[in-house]
Amino acid sequence: MKDRTLLMIPGPIEFEPAVLQALGAPTTSHVSPDFIEVFGRAIERMRQVWLAPAGQPFVLAGSGTLAMDCAGANLIEPGDRALVLSTGVFGDRFEDLLSRYGAEVDVIRAPLGETIDFESVEAALRKAPYKLMTATHVDTSTAVRVDAERFGALGTEHGVLTVLDGVCSVAGEEMRQEAWGLDVVLTASQKAVGVPPGLALLVVSRRAIEAWERRGSPVASYYADWAKWLPIMAAYEKRTPSYFGTPPVNLIAALDVSLGQILDEGMEERFARHLRFGAGCRAALGALGLGQVPTDDRHAANTLSAPRYPHGVSGATLLPVVRRAGAILAGGLHPEIKSEYFRIGHMGATKAGDLVATIGAIEAGLRACGYAFEAGDGLSAAQRLLLDVP
Ligand code: PMP
């Protein structure tokens, strides 16, 4: 039997062979003409994937948290007011992060499993002069999706900078940075962008760059300061050598390959595929009688699902069997319900067949736990939605 276990956690995910080949290719100089071309093209491709033709991409060595830090460090000055919209652990992280840079932070926290109620956001924006607000497009701890279009529109209407944590959404969930008026959309390489962990990626609007240019105090982070990286991004895009900190050459080569594949698939097709995968996975879980953390299908993420363990089943018994049956899944993350649910990633290079295999493995796990269901119920519910390959 082939020793292959699917990595179906919400990042890192399964990666395309061509991406891994680029990662494993001999490392070149970061100022060699070949690499300059690759880096310049990756920057251009980011604009297309983010749907932000006038945006300024940044590629830094680091994880998604660095991308969040980069937004906070550059856009917050001590005393600035910020509004954090939180739908889980990663939303809460922004409260802590922005406070570090001296922001006075207010938080609108959705009840667990619910999404942001934008009426209350609108009321908050009418009451106080916020400089910036943050939202987590898909909070990976709850699988709750926020209406990023409404978020952007409110920011534009009230003159408040919008920072969207798209770590679990960019290149998966529908996201149109420029059309939706989003100022910073950030992510990390290891999720739907489809590259092993190690890259913090941001695309920043002209409005946000201008807000940064108007700062009265220096950026408190040396490494994350846009002043250091703007000339580097501009140089690579102009295909000229430049240096501030050594770029992760192989990861950037892999990024260029992955972004090329994403654009070959087409953004509209990719959004539609993720919608199909999300619906297929949720249908399977529903058919098996499992509840989910998001309280409504309409705000459930399409990049991951967060099913609750059925009565009498625990992660300690279920997940190892699912793994032996072929799929690695993640346990719960939200501290309030950590032991009550698990998480399935279905984004990026995931194929319909991977998802079907994962549902099959979950059925095997449930059977081993003594949970009663009709074999194949989950599989056929998923398959009904995954059958129609465009
Ligand atoms: N935001 C979200 C929505 C995430 O899912 C994650 C990682 N799971 C992060 C931020 C932090 O990213 P990283 O772990 O790469 O630092």
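Going by the structure above, here's the rest.
Numbering of residues starts from 1 in every chain and runs along the sequence as written. Selection of residues for local features in this predicted model requires a pLDDT of at least 70, selection of side-chain atom pairs for listing and counting requires 80 or more, and totals for whole chains, interfaces and linings are taken over all residues. The basis for the side-chain values is all heavy atoms of the structure; hydrogens and waters are excluded.

**A few points about the overall build of the chain**
Right, so step 1: Segments assigned H or I by DSSP are reported as helices when at least four residues long, segments assigned E as strands when at least two residues long, and all are numbered from the N terminus. Within the chain one finds 13 helices and 14 strands.
Right, so step 2: Over its C-alpha trace the chain gives a radius of gyration of 21 Å, about what one expects of a compact globule, namely 21 Å for 390 residues.
Right, so step 3: Referenced to the eigenvectors of the C-alpha coordinate spread, the extents of the chain come out at roughly 65 × 55 × 35 Å.
Right, so step 4: Throughout, exposure labels follow a simple rule: accessible area from a 1.4 Å probe, protein chains only, divided by the maximum for the residue type, with under 20% read as buried, over 50% as exposed, and the rest as partly exposed. Within the chain, buried positions represent 57% of all 390 residues.
Right, so step 5: Throughout, a contact is declared for two residues whenever any of their heavy atoms are within 4.5 Å. By sequence separation, contacts in the chain at least 24 residues apart represent 71% of the contacts at least 6 residues apart.
Right, so step 6: In the form shown here, the chain has an accessible surface area of approximately 15300 Å², with 54% of it arising from carbon and sulfur atoms.
Right, so step 7: Only four residue types enter the tally: Lys and Arg on the positive side, Asp and Glu on the negative side, with His and both chain ends excluded. Lys charges are placed at NZ, Arg charges at CZ, Asp charges at CG and Glu charges at CD. Here the chain contributes 36 positive and 45 negative side-chain charges, whose respective centroids are spaced 3 Å apart. C-alpha atoms define the radius of gyration in this analysis, and the globule rule sets the expected value at 2.2 Å times the number of residues to the power 0.38. What sets the accessible areas is the Shrake-Rupley method with a 1.4 Å probe; for residues, cover comes only from the shown protein chains.

**Comments concerning the pairing of strand E10 (residues 199-204)**
Right, so step 1: With six of six residues buried, E10 lies mostly within the body of the structure.
Right, so step 2: DSSP calls a pair of strands paired once it identifies at least 2 bridges connecting them. Across six bridges, the pairing between strand E2 (residues 56-61) and E10 is antiparallel. Within E10, the position partnered with Pro 57 by the bridge is Val 203.
Right, so step 3: For strand E9 (residues 184-188) and E10, the ladder comprises five bridges, and the chain directions are antiparallel. From the neighbouring strand, Ala 188 faces E10, where its bridge partner is Ala 200.

**Some words on helix H4 (residues 89-100)**
Right, so step 1: Between the first and last C-alpha of H4 there are 17 Å, a value that for 12 residues agrees with the 16 Å anticipated at 1.5 Å per step.
Right, so step 2: Every buried residue of H4 is listed here: Phe 90, Gly 91, Phe 94, Leu 97 and Leu 98. Within H4, the buried residues cover an arc of 110 degrees as seen down the axis, which keeps them to one side.
Right, so step 3: Phi turns positive one or two residues past the end of H4, at Gly 102, with a value near 95 degrees. To estimate the expected span of a helix, count its residues, drop one, and scale the result by 1.5 Å. Taken from the helix axis, the directions to the C-beta atoms give the arc we talk about.

**Concerning the environment of Val 84**
Right, so step 1: Within the secondary structure, Val 84 sits in strand E3 (residues 81-86).
Right, so step 2: With a relative accessible area of 0%, Val 84 lands in the buried category.
Right, so step 3: The spatial distance from the C-alpha of Val 84 to the C-alpha of Leu 199 is 24 Å, given a sequence separation of 115 residues.
Right, so step 4: With residues near it in sequence (within four places) discarded, Val 84 still touches Gly 91, Phe 94, Glu 95, Leu 98, Val 105, Asp 106, Val 107, Ile 108 and Thr 134.

**Points about the side chain of Arg 47**
Right, so step 1: Tracing the chain through its elements places Arg 47 in helix H2 (residues 33-50).
Right, so step 2: N or O atoms closer than or at 3.5 Å make up a polar contact, with two conditions inside protein: a donor-capable atom paired with an acceptor-capable one, and, for residues adjacent in sequence, both atoms drawn from side chains. Reaching out from Arg 47, the side chain makes a polar contact with the side chain of Glu 237 at a distance of 2.5 Å.
Right, so step 3: If we skip the residues at most four places from it in the chain, Arg 47 touches Ala 52, Pro 53, Gly 55, Pro 57 and Glu 237.

**A short note on the sheet that holds E9**
Right, so step 1: Ordered by their spatial adjacency, seven strands build an open sheet running E2-E10-E9-E8-E5-E3-E4, and the pairing between neighbours is mixed. Where the open sheet ends on each side, the last strands, each with one partner, are E2 and strand E4 (104-109). In this sheet, adjacent strand axes meet at a mean angle of 15 degrees when their direction is disregarded.
Right, so step 2: On the sheet, H2 packs against E2, E9 and E10 and is oriented at approximately 120 degrees with respect to E2.
Right, so step 3: Contacting E3, E4 and strand E5 (132-136), helix H5 (residues 118-127) crosses the sheet at an angle of about 175 degrees to E3. All axes here are fitted lines through C-alpha atoms, helices being fitted over the stretch that makes contact, and every angle between N-to-C directions spans 0 to 180 degrees.

**Overview of the pattern of salt bridges**
In a structure, side chains of opposite charge can pair up when their charged atoms sit close to one another.
Right, so step 1: Between Lys or Arg on one side and Asp or Glu on the other, a salt bridge is scored when a side-chain nitrogen of the former is within 4 Å of a carboxyl oxygen of the latter. Applying the stated criterion to the full structure yields 25 salt bridges.
Right, so step 2: Salt-bridge contacts for Glu 237 lead to Arg 47; the nearest nitrogen and oxygen are separated by 2.5 Å. Placement of the pair is Glu 237 in helix H8 (residues 226-237) and Arg 47 in helix H2, with a sequence separation of 190 residues.
Right, so step 3: Residue Asp 80 pairs with Lys 131 through a salt bridge whose shortest N-O separation is 3.0 Å. One end of the pair, Asp 80, is in the loop between helix H3 (64-75) and E3; the other, Lys 131, is in the loop between H5 and E5, with 51 residues separating them in the sequence.
Right, so step 4: Overall, the relative accessible area of 21% leaves Lys 131 in the partly exposed class.
Right, so step 5: Among the ionic contacts, a cluster of salt bridges with common partners joins Glu 37, Arg 41, Glu 44, Arg 45, Arg 239 and Asp 256.

**As for the packing of aromatic side chains**
Remark: the centre distance and the inter-plane angle together describe each pair of aromatic rings, the angle taken between the planes.
Right, so step 1: Each Phe, Tyr or Trp ring (for Trp, its six-membered ring) is paired with any other whose centre lies within 6.5 Å, and the angle between the two planes then decides the class: stacked below 30 degrees, edge-to-face above 60, tilted in between. Considering all chains together, one arrives at 10 aromatic pairs under this definition.
Right, so step 2: Among the aromatic side chains, those forming a connected cluster through ring pairs are Tyr 222, Tyr 223, Trp 229 and Phe 244.

Any functional reading would require information that these geometric values do not contain.
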